[in-house]
Every structure is written in C-alpha cells, then in structure tokens.
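This is what each chain is made of:
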Amino acid sequence: MTVARTAALPLQRQQALAALLLLALIALNLRPFLTSVGPVLDLLRSDTGLGFRAAAVLTALPFVLMGLLAFAGARLAQRIGERSTVALALLLLAAGCASRAWVSDSAGLIAGAGVAGAGVAAIQALMPGVAKRLFPERVGLAMGVYSAALVGGGALGALASPWLAQFGGWRLALAVWLLPALLALLLWWRQGEQQAAPTAGHAALSLRACGRNRRAWLLALYFGLTNSGYSSLVAWLPSFYREQGMTAQAAANLLAGLALWQALAALLFPLLSRRHGDHRPLLWLALACQAVALAGFAWWPLLAPWCWAVLAGIGLGGFFALCLLLVLEHLPDAARAGTLAAFVQGCGFLLTAAGPWLMGWWRERGGQFAGGWSWQLAIVLAMLLLTARFSPASYPRSMRGL
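The structure displayed is predicted, hence computed values, not measured ones.

Draft legend 1. Quick peek at the overall build of the protein. From N to C terminus, the protein includes 16 helices and 0 strands. For 402 residues, the compact-globule formula gives about 21 Å, and the C-alpha radius of gyration of the protein, at 20 Å, lands near that figure. Dimensions of the protein along its principal axes, counting C-alpha atoms only, are 55 × 45 × 35 Å. Here the contacts in the protein between residues at least 6 apart in sequence split such that 84% fall between residues at least 24 apart. When the accessible surface of the protein is summed, it comes to about 15100 Å², and 66% of that surface belongs to carbon and sulfur atoms.

Right, here's the structure in full:
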C-alpha cells in the first residue's frame with residue numbers, strides 16, 4: 001500500500017482508497033470489546049458473581065481510560081512515531097480481549113477491560129488528525145467512514161456475542177475479538193510505515209494550550225455528555241429489555257440494530273452536511289432523534305422498542321461523526337486540529353464514562369432503568385440548547401490565541 005508522504009501532496013485515487021480501508025479496519029476494532037459484554041452480562045454475572053456497579057465498570061473504565069490516555073497517546077506519538085503508537089495500541093487491545101478467555105473474577109475482567117481501553121484511547125486520540133491529514137479535501141468523507149466503521153464494529157460485537165456464547169460460553173463471546181485486532185495490527189505494521197507520517201506537527205499546539213481555551217472545554221462538554229447516552233445504552237440496554245421479558249438474543253439484536261443504524265447515520269450525516277458549512281441543523285436533528293428514543297425507553301419501552309432503537313442509533317451515530325467533524329473544522333491545520341480533537345476526546349470520554357457507572361449505581365440502590373433514561377433525556381435537551389453556540393463564524397474567534 002502506498003500513500004502520500006506529506007499532507008500537502010494530493011492522494012491518488014488508489015492510494016486514497018487503500019488509506020480509507022486501513023482507517024476503517026482499525027476503527028472496526030474499537031467497540032466490539034465493549035458492546036459484546038451487554039448481551040452476555042447475565043451469564044457473566046451468574047458465573048462470576050459480578051454486582052451491578054462492578055458490571056458497569058466493565059463499560060465505564062474503558063471510557064475513563066479513553067479520556068485519560070487520549071493525552072498520553074498524542075504525546076507518545078510525538079516520541080515514538082505514529083506507526084509504533086498505533087501498533088502498540090492494537091497489541092494492548094488484543095491482549096485485553098485475550099485475557100477474557102481465562103480470567104475468573106471481577107478484578108481480572110476489569111483489568112482486561114482497562115488494558116483494552118488503554119489501547120483504544122491511544123488510537124482514538126490519533127485517528128481524527130490522521131484522517132484530516134490524509135484527506136484534507138474530503139475530511140467529511142473520511143470522518144464518516146471512520147465513524148461508521150467504529151460504530152459498525154459495535155453492532156458486530158452486540159450481534160455476534162450471544163450467538164458465540166451458545167457455542168463457547170461468555171468467555172469465547174468476549175475473547176474472540178482479539179482476532180480482528182491482530183489482523184489490523186499485522187496489516188498496519190506491514191503497511192503502516194508508508195501510511196504513517198511524522199507527527200512533529202502536533203507540537204505546534206499543546207494540550208496545555210487547549211486547556212486554557214474556553215471553546216475547547218465547551219466542545220469537550222458537548223462531546224462527552226451527549227455520548228454518555230451511548231455508553232449507557234451499550235452497557236444496559238440488553239439487561240433493561242431482559243427485565244421487560246425479551247430473550248437474550250432478542251435484546252442483543254435490539255442493541256445490534258441500534259448500532260447498525262448508528263453506523264449508517266455516522267456515514268451519511270457528514271456527507272449531507274456541507275463541508276465547512278453550518279453543521280447545527282443536522283446536529284439538532286441528531287439530538288432530537290436521541291431525545292425521542294430516550295423518552296420512549298423511559299416511558300413506553302414495550303410500545304415500539306425497535307423504533308426507539310432505530311431513532312437512538314440515528315441520533316447517536318449522526319452526532320458522533322458530526323461532532324468530531326465540528327471539532328476538526330475549528331482549526332485549518334491538520335496537526336493542530338488533531339491535537340484539539342485529542343483534547344476534546346480526552347476530557348469528553350471522562351464524562352462519557354459516568355453514564356454507565358451512574359446507571360449501575362442507581363440500579364443497585366433499587367432504582368429503575370427508566371429513571372436513568374430520563375436523566376439522559378435531560379442531558380440531551382440541554383445539549384440541544386448548547387448547539388446554538390457552534391456557528392461557523394465563531395470558529396476563528398473562539399480559537400484565537402491557539
């Protein structure tokens with residue numbers, strides 16, 4: 001595979017396709033280790049004695065690490081290079097998945113989730129900047145494909161997990177995801193030397209400088225709070241519908257269907273939103289879809305569960321891709337925009353991690369899932385109002401001094 005050696009040189013069509021496929025393959029590995037847990041959570045809890053709060057940590061901890069280690073991933077790439085950083089991250093992801101084949105207690109499961117989450121954190125910190133560098137004129141397409149592959153991997157994990165559990169139990173259902181991670185590692189290492197570019201440009205904008213910028217914090221708040229709905233649904237939607245009387249496979253199919261629509265929306269929304277245009281109308285649409293879905297889960301869960309899942313998927317997928325695109329378009333330079341994206345994801349995922357943990361805490365204290373969906377709805381309504389702040393005209397003014 002051959003790609004452009006500098007961001008200034010245009011990619012040839014064949015080179016661009018190869019780069020896009022490699023970006024998608026890596027993204028495909030970033031969610032199955034999370035979404036495969038929910039559909040087999042009842043089996044896992046029965047076998048290990050895991051409580052609700054401890055089970056929530058399996059989903060919450062990776063998001064915490066995605067936040068904390070996003071900063072470390074950007075710095076590590078400056079020291080050892082983009083190629084080595086991504087390869088190391090994929091190795092950690094594979095190791096975390098593999099550990100689930102033999103661990104027998106909650107501590108081992110949580111440690112494995114932490115190792116995998118550390119790998120995902122490093123990759124996510126780099127990929128938006130890489131996408132903007134490789135596709136400076138088609139960043140919407142690149143982010144759409146990246147986001148669609150990321151959440152599509154989540155759909156695959158949710159759909160395949162209960163099916164695999166029928167043949168090898170929950171261990172096979174959770175450990176098997178080391179295989180695609182190893183495949184991505186092999187292809188990246190063989191082809192990534194040409195794919196990767198020097199990352200010294202990241203030093204042009206420091207994470208500390210982002211921390212002094214009000215808009216950077218606002219974007220992190222926007223990204224993190226809205227995505228807490230995604231982390232909560234991934235962790236608890238199958239268990240919620242199991243309590244409503246659904247079979248394990250039917251509940252898993254619901255989560256997989258949500259993720260499939262999420263992938264479709266993540267691909268289409270950036271393409272529908274004009275490049276360097278005003279993304280707010282489609283962001284409002286995505287948030288409105290989330291609001292209706294959360295209201296449905298909270299108050300009428302059995303009325304139309306597939307309708308709520310589809311709306312949630314459209315809203316979450318469209319928002320995720322557009323929000324990353326919104327962040328990248330605040331700065332014209334790929335390296336500086338990548339650093340801003342690492343900051344936003346780093347802080348944002350810490351907020352995202354709170355969602356499933358609070359749901360688990362609430363449920364263990366005797367609360368109902370409906371209450372959790374209701375406060376997620378309140379968050380989305382607040383984010384609908386915050387969206388008005390992100391007009392394209394505000395980008396240069398808000399980034400002044402960076």
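Draft legend 2. Examining the packing of helix α10 (residues 214-243) against helix α13 (residues 305-328) more closely. Where α10 meets α13, the axes come as close as 11 Å, and the angle between the chain directions of the two elements is 150 degrees. Here α13 runs roughly antiparallel to α10, going by the angle between their axes. With respect to the hand of their crossing, α10 and α13 are arranged in left-handed fashion. The residues of α13 that touch α10, namely those facing Leu219, Tyr222, Phe223, Thr226, Asn227, Gly229, Tyr230, Leu233 and Tyr241, are Pro305, Trp308, Ala312, Leu316, Phe319, Phe320, Cys323, Leu324, Leu326 and Val327. Its residues placed into classes, the contact of α10 with α13 shows 16 nonpolar, 3 polar and no charged.

Draft legend 3. A positive patch on the surface, seen in detail. On the surface, Arg75, Arg79, Arg208 and Arg212 cluster together into a patch of positive charge. Relative to the helices and strands, Arg212 resides in the loop between α9 (207-211) and α10. Exposure remark for Arg212: the relative accessible area of 64% places this residue in the exposed category.

Draft legend 4. Structural detail: the state of the cysteines. Inspection of every chain in the model, using the stated rule, returns 0 disulfides. Left unpaired, Cys210 is separated from the closest cysteine sulfur, that of Cys347, by 9.0 Å. Judged by relative accessible area, Cys210 falls into the buried class, the value being 0%. For the unlinked cysteine Cys323, the closest cysteine sulfur is that of Cys347, found at 13 Å.

Draft legend 5. Local environment of the environment of Ala149. Following the sequence through the fold, Ala149 ends up in helix α7 (residues 139-175). Residue classification places Ala149 among the buried positions, given a relative accessible area of 11%. Each C-alpha atom of the pair Ala149 and Leu21 lies 9.7 Å from the other, and the pair is 128 residues apart in sequence. Excluding residues that lie within four positions of it along the chain, Ala149 makes contacts with Ala24, Ala27 and Leu28.

Draft legend 6. The arrangement of a nonpolar patch on the surface in detail. Judged by side-chain polarity, Leu76, Ile80, Leu88, Leu91, Leu92 and Val115 come together as a nonpolar surface patch covering roughly 430 Å² of accessible area. Looking at which element gives the most residues to the nonpolar patch, the answer is helix α5 (residues 82-99), with 3 residues. Among the structural elements, Leu88 can be located in helix α5.

Draft legend 7. Broad picture of the nonpolar core. Within the largest apolar cluster, 143 residues are counted, with the highest numbers of intra-cluster contacts made by Tyr146, Tyr222, Trp236, Leu237, Tyr241, Phe297 and Trp373. Looking at which element gives the most residues to this core, the answer is α7, with 16 residues. For Trp236, the residues in contact, after removing those within four places along its chain, are Leu41, Phe52, Ala55, Ala56, Pro356, Met359, Gly360, Phe369 and Trp373.

Draft legend 8. Inspection of α7 at higher detail. Taking 1.5 Å per residue, 37 residues should reach 54 Å; α7 reaches only 34 Å between its end C-alpha atoms and comes up short. Taking the largest bend as the criterion, α7 deviates by roughly 130 degrees, centred on Gly168. Within α7, 27 of the 37 residues are buried, which leaves the element mostly enclosed by the surrounding structure.

Draft legend 9. Broad picture of the environment of Cys347. With respect to the element layout, Cys347 can be found in helix α14 (residues 334-364). Distance in space between the C-alpha atoms of Cys347 and Pro392 is 23 Å, their sequence separation being 45 residues.

Draft legend 10. Seen up close, the environment of Ala116. Examined against the element boundaries, Ala116 turns out to sit in helix α6 (residues 106-134). The spatial distance from the C-alpha of Ala116 to the C-alpha of Leu258 is 23 Å, given a sequence separation of 142 residues. When sequence neighbours within four positions are dropped, the list of residues in contact with Ala116 reads Phe33, Leu92, Leu93 and Gly96.

Draft legend 11. Local environment of the packing of aromatic side chains. In total, this model carries 11 aromatic pairs according to the counting rule given. An angle of 85 degrees between the planes, with centres 5.1 Å apart, marks the rings of Trp217 and Phe343 as edge-to-face. In this pair, Trp217 is assigned in helix α10 and Phe343 in helix α14, connecting sequence segments 126 residues apart. A residue is classified by how much of its surface remains accessible, and Trp217, at 44% relative accessible area, is partly exposed. A residue is classified by how much of its surface remains accessible, and Phe343, at 4% relative accessible area, is buried. Joined through ring pairs, the aromatic side chains of Phe240, Tyr241, Phe297 and Trp373 make up one cluster. The ring of Trp189 has Arg83 sitting right over it, with the charged end atom 3.7 Å from the ring centre.

Draft legend 12. Just the packing of helix α12 (residues 280-299) against α13, in detail. Two elements in contact, α12 and α13, have axes separated by 7 Å at closest approach and are oriented at 145 degrees. You can see that α12 and α13 cross each other, and the crossing is left-handed. Tallied by class, residues from the contact of α12 with α13 come to 19 nonpolar, 4 polar and no charged.

Thresholds applied
- Along every chain, residues carry numbers that run from 1 in the direction the sequence is written.
- The model is predicted, so local features are restricted to residues of pLDDT at least 70 and side-chain atom pairs to those at 80 or more, both for listing and for counting; the totals for chains, interfaces and linings are taken over all residues.
- Working from all heavy atoms in the structure, the side-chain values ignore hydrogens and water.
- In this text, helices come from DSSP runs of H or I with a minimum length of four residues, and strands from runs of E with a minimum of two, each type numbered from the N-terminal end.
- For the radius of gyration, the atoms used are the C-alpha atoms, and the globule rule reads 2.2 Å times the number of residues raised to 0.38.
- Only heavy atoms matter for contacts: two residues are in contact if any of them lie within 4.5 Å across the pair.
- Computed with a 1.4 Å probe, the accessible areas rest on the Shrake-Rupley method; for each residue, only the protein chains presented here act as cover.
- Axes here refer to lines fitted to C-alpha atoms; in helices the fit is confined to the stretch in contact. Angles between the N-to-C directions go from 0 to 180 degrees.
- Orientation is classified from the angle alone, with under 35 degrees giving roughly parallel, over 145 giving roughly antiparallel, 65 to 115 giving roughly perpendicular, and any other angle giving oblique.
- Crossing handedness follows the turn of the near helix against the far one: under a right angle anticlockwise gives a left-handed crossing, and clockwise gives a right-handed one.
- Here the term charged refers only to Asp, Glu, Lys and Arg, the term nonpolar to Ala, Val, Leu, Ile, Met, Phe, Trp, Tyr, Cys and Pro, and the term polar to all other amino acids, Gly among them.
- Patch building starts from residues that exceed 30% relative accessible area and form no salt bridge, then joins like charges within 9 Å and nonpolar side chains (Val, Leu, Ile, Met, Phe, Trp, Tyr) within 5 Å.
- We count a salt bridge whenever a side-chain nitrogen from Lys or Arg sits within 4 Å of a carboxyl oxygen from Asp or Glu.
- Positive charges come from Lys and Arg, negative ones from Asp and Glu, while His and the chain ends are left out of the count.
- Each charge is placed at NZ for Lys, CZ for Arg, CG for Asp and CD for Glu.
- Each residue gets one of three labels from its accessible area relative to the maximum for its type: buried under 20%, exposed over 50%, partly exposed in between, using a 1.4 Å probe on protein chains only.
- By convention in this document, the label disulfide applies to cysteine sulfur atom pairs within 2.5 Å.
- Only buried Ala, Val, Leu, Ile, Met, Phe, Trp, Tyr and Cys residues count toward a nonpolar core, and they belong to the same one when joined by side-chain atoms within 4.5 Å.
- Working rule for helices: expected span equals 1.5 Å times residues minus one.
- Throughout, bend refers to the angle between the axes fitted to the seven residues that end at a position and the seven residues that start at it.
- Between rings of Phe, Tyr and Trp, where Trp is taken as its six-membered ring, a pair exists when centres lie within 6.5 Å; planes separated by under 30 degrees are stacked, by over 60 edge-to-face, and by other angles tilted.
- For a ring to carry a charge above it, either NZ of a lysine or CZ of an arginine must fall within 6 Å of the ring centroid while also lying within 35 degrees of the normal to the ring plane.

Nothing here speaks to function; it is all geometry.
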